[in-house]
Amino acid sequence: MTFARRLVFGSAVVALVAVTTLAWTTELALRGDLESEIGSALAREARLVRSALPQDTLAWQDVLHQYASATGHRITLIDRAGNVRADSDFPTGPLPLLENHSARPEVKTAFGGGEGTSVRRSVSVGRDLLYVAVPGGPGVVRIAADLSQVNAIVRRAQGAVLIAALVALLVGGLVSVLSARAVSRPLTEIGAAAREIASGGQPRFPHSGIDDIDELVRALRQMHGQLGDRFEELRREKAESAALVESMVEGVIASDARGRVVTANRAARTLLGYADGAPLPGLQELFRAKPAREIVRAALAGEREQARQLEMDGRTFLVNTRALPGGGALLVLHELTEIRRLETVRRDFVANVSHELKTPLTSISGFAETMLTDDMDGETRQRFLGIILTNARRMQRLVDDLLDLSRIEAGRWQPEPAATSIETIGREVWSALAERAAAGGVQFDIAVAPDAAVVSADPDALRQIVTNLVENSLRHTPARGRITLCAQREGGGTVVEVADTGSGIAREHLPRIFERFYRADASRSRDEGGTGLGLAIVKHLVESHGGRVWATSERGTGTVVSAWFPSA
């Protein structure tokens with residue numbers, strides 16, 4: 001039931017109760033007042049009749065008839081024994097046998113010397129009568145008055161009260177309806193505003209003119225403002241948390257108590273091989289490796305895992321788990337595959353550097369100790385000093401190459417491309433190596449296409465690239481061999497190639513020749529003074545220009561190393 005109906009119904013019930021109570025109390029009060037007034041009049045009449053009774057008892061009946069005719073009331077004379085001696089309702093003459101009246105309440109009171117009053121239905125006349133008895137005469141003089149007139153007056157009064165109450169009820173009902181509408185309309189609008197607040201819409205707050213309801217509206221408006229501020233703060237915090245989780249390099253996966261994934265950031269999807277937006281299976285089906293499933297099972301059971309290393313699909317992960325307060329689990333995955341690879345590279349690098357330095361240091365220290373302890377001729381001394389100098393220069397080249405490589409990889413060096421003549425660079429490089437080449441009978445040729453005469457590259461970097469490639473070819477090219485520097489346009493850039501007729505490289509070694517310290521023929525390269533870093537430096541220098549480098553070779557047919565530089 002609505003508030004308006006409750007208010008109207010309640011008002012109607014209150015009005016009905018009030019009308020009923022008013023009618024009842026009006027009847028009691030009016031009837032009591034009328035009966036009291038009539039009783040007083042009857043008592044005076046009874047006293048008057050008592051004083052007018054003659055001594056002759058036979059005349060009593062006529063006297064009663066005279067007074068009854070004048071007053072319209074019934075008059076009865078009762079002796080001390082309770083017998084009726086005269087009654088105005090009976091004709092003159094002997095009275096019929098009537099009931100003894102000594103037990104009547106008004107008669108008993110009059111026998112005691114007082115004025116008795118009683119209201120009851122008369123058996124003889126069949127109407128409600130008011131009886132008043134006073135002592136006197138033969139014993140008691142009693143006068144009875146018909147109450148029909150009193151009942152009529154009371155009914156008329158009740159009718160008037162009921163009509164007035166009906167009018168008041170109608171007016172009150174109309175007022176209740178109007179009041180209920182005036183109160184329920186703003187309450188309905190307040191309910192609609194509350195639903196709008198719950199749905200996140202823009203509520204309309206009513207103005208009723210009723211202080212209590214307007215106070216409620218003000219409180220609701222204030223609550224709406226505070227909720228808006230809090231929701232905005234929660235949305236901002238949620239967005240910040242989501243952005244933070246999405247920006248993490250670690251994979252973050254959260255599930256509910258049933259194991260359904262509710263949160264998975266981009267890193268987690270990438271690590272597990274799922275595209276953005278692709279549906280994810282349950283947490284227990286998300287991993288195929290048995291150790292991972294055990295970790296998930298323990299996490300859902302509430303156990304915590306800290307820094308657990310896990311091998312899965314050939315990759316290494318560091319896993320941290322934690323149970324969520326409302327049930328479910330949180331998993332954080334950090335892939336260590338690249339870190340482990342870099343650690344391996346670092347160990348190999350340290351080992352390779354140590355090995356590369358150990359050989360020249362051993363030669364230097366050995367020949368120096370020999371010179372200090374032995375007495376030798378000048379020619380031997382000169383030969384030993386030459387060996388020491390050669391190994392010292394070899395160490396110097398190794399250190400210089402390491403510094404160059406470190407500087408390039410750390411990003412402390414950036415190329416400054418310029419139009420550079422590849423033929424000029426080639427002749428400068430070969431002039432520095434011509435004496436060594438002549439000793440081995442190795443020839444050098446330059447074959448540059450007309451449209452590739454100028455390369456967009458850093459001059460110093462290009463010079464070092466060509467130097468490393470030509471030196472590498474010179475070390476592996478036998479007597480009467482040939483080294484050729486070529487340049488040609490290709491794919492929106494220029495390809496610079498150094499080709500030789502040397503011993504070549506087996507096909508299985510080609511993918512790794514640009515790694516640091518990797519040698520297809522380690523003993524020969526080391527004997528000929530190579531550091532094992534030349535091709536690694538070439539690769540980094542070319543890639544710094546946005547280019548790429550590759551090699552083609554067959555065992556015994558020579559090698560071609562190509563470097564592609566994009567156009568300016």
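The model shown is predicted, which means the values in this text are computed figures rather than measured ones.

1. Things to note about the overall build of the protein
Counting its regular elements, the protein contains 13 helices and 17 strands. The C-alpha atoms of the protein give a radius of gyration of 64 Å, which is well past the 24 Å a tight globule of 568 residues would have. Oriented by its inertia axes, the alpha-carbon framework of the protein measures out at about 200 × 55 × 40 Å. When each of the 568 residues of the protein is scored for burial, the buried share is 35%. A separation of at least 24 residues holds for 56% of the contacts in the protein among residues at least 6 apart in sequence. Roughly 32,300 Å² of accessible area belongs to the protein as shown, and the carbon and sulfur atoms make up 55% of that amount.

2. Some remarks on the pattern of salt bridges
According to the stated counting rule, one finds 18 salt bridges in the structure shown. One salt bridge in this structure joins E99 and R104, with 3.1 Å as the shortest N-O distance. Classification of E99 by relative accessible area gives exposed; the value is 55%. R104 gets classed as buried once you look at its relative accessible area, which sits at 19%. A salt bridge links E515 to R512; the nearest nitrogen and oxygen atoms lie 3.1 Å apart. Residues participating in the shared-partner salt-bridge network are R74, D87 and D89.

3. A few points about the environment of A18
Checked against the element boundaries, A18 lands in helix α1 (residues 3-52). Between the alpha carbons of A18 and D256 there is a distance of 63 Å; along the sequence they are 238 residues apart.

4. Here we look at the sheet that holds strand β12 (residues 443-448)
Strand order in this open sheet of five strands is β12-β14-β15-β17-β16, and the pairing throughout is mixed. In the strand order of this sheet, the two ends are held by β12 and β16 (548-553), each with one partner. Adjacent strand axes in the sheet meet at a mean angle of 15° when their direction is disregarded. As defined by bridge partners, strand β14 (residues 482-490) adjoins strand β15 (residues 493-500) across eight bridges and the pair is classed as antiparallel. Across the sheet, the residue bridging to A487 is V496, located in β15. Contacting β12, β14 and β15, helix α10 (residues 422-440) runs over the sheet at an angle of about 170° to β12. Sheet strands touched by helix α13 (residues 534-544): β16 and β17 (559-566). Its angle to β16, the strand with the most contacts, is close to 135°.

5. Let's talk about helix α11 (residues 459-476)
Here α11 spans 26 Å end to end across 18 residues, near enough to the 26 Å set by a 1.5 Å rise per residue. Listed as buried for α11 are A461, L462, I465, V466, N468, L469, V470, S473, L474, R475 and H476. Looking at where α11 begins, the residue whose side-chain oxygen comes 3.1 Å from the main-chain nitrogen of D460 is D458.

6. Some remarks on the packing of α10 against α11
Where α10 meets α11, the closest approach of the two axes is 9 Å, and the angle between their N-to-C directions is 40°. The chirality of how α10 crosses α11 is right-handed. Contacts between α10 and α11 pair I422, I425, E428, V429, W430, L433, R436 and A437 from the former with P459, L462, R463, V466, T467, V470, E471, L474 and R475 from the latter. The class makeup of the residues in the contact of α10 with α11 is 11 nonpolar, one polar and five charged.

7. Some remarks on the sheet that holds strand β4 (residues 128-136)
Reading across the sheet, the five strands line up as β2-β1-β5-β4-β3 and stay open at both edges, with antiparallel pairing between neighbours. Two strands bound the open sheet, and with one partner strand each, they are β2 (84-87) and β3 (116-121). This sheet shows a mean twist of 20° between the axes of neighbouring strands, independent of strand direction. In this sheet, strand β5 (residues 139-146) lies alongside strand β1 (residues 74-79) in antiparallel orientation, the contact comprising six bridges. Of the residues in β5, the one forming a bridge with I78 is V140. Of the strands in this sheet, β1 and β2 touch helix α2 (residues 60-71), which is tilted by about 40° from β2.

8. Focus on the packing of α11 against α13
How two helices sit against one another is set out by the angle between their axes and by the gap between those axes. Their axes nearest at 9 Å, the elements α11 and α13 cross at an angle of 150°. Classified by the angle between their axes, α11 and α13 sit roughly antiparallel to one another. Crossing hand, α11 versus α13: left-handed. Seen from α11, the contacting residues are A461, Q464, I465, N468, L469 and N472; seen from α13, they are G534, L535, I537, V538, L541 and V542. Each residue belonging to the contact of α11 with α13 can be placed in one class, and the counts come to eight nonpolar, four polar and no charged.

About the cut-offs
Residues numbered from 1 in each chain as written. Predicted model: local features only at pLDDT ≥ 70, side-chain atom pairs only at ≥ 80, totals over all residues. Heavy atoms only, no water. Helix = DSSP H or I, 4+ residues; strand = E, 2+ residues; numbered from the N terminus. Rg over C-alpha atoms; globule rule 2.2 N^0.38 Å. Buried < 20%, exposed > 50% of the residue type's maximum accessible area, 1.4 Å probe, protein only. Contact = heavy atoms within 4.5 Å. Areas by Shrake-Rupley, 256 points an atom, 1.4 Å probe, with all protein chains shown as cover. Salt bridge = Lys/Arg side-chain N within 4 Å of Asp/Glu carboxyl O. Pairing = 2+ DSSP bridges. Axes fitted to C-alpha atoms, helices over the stretch in contact; angles between N-to-C directions. Expected span 1.5 Å × (residues − 1). Polar contact = N/O pair within 3.5 Å; in protein donor to acceptor, adjacent residues only side chain to side chain. Left-handed = near helix turned anticlockwise from the far one by under 90°. Nonpolar A, V, L, I, M, F, W, Y, C, P; charged D, E, K, R; others polar. Parallel < 35°, antiparallel > 145°, perpendicular 65-115°, else oblique.

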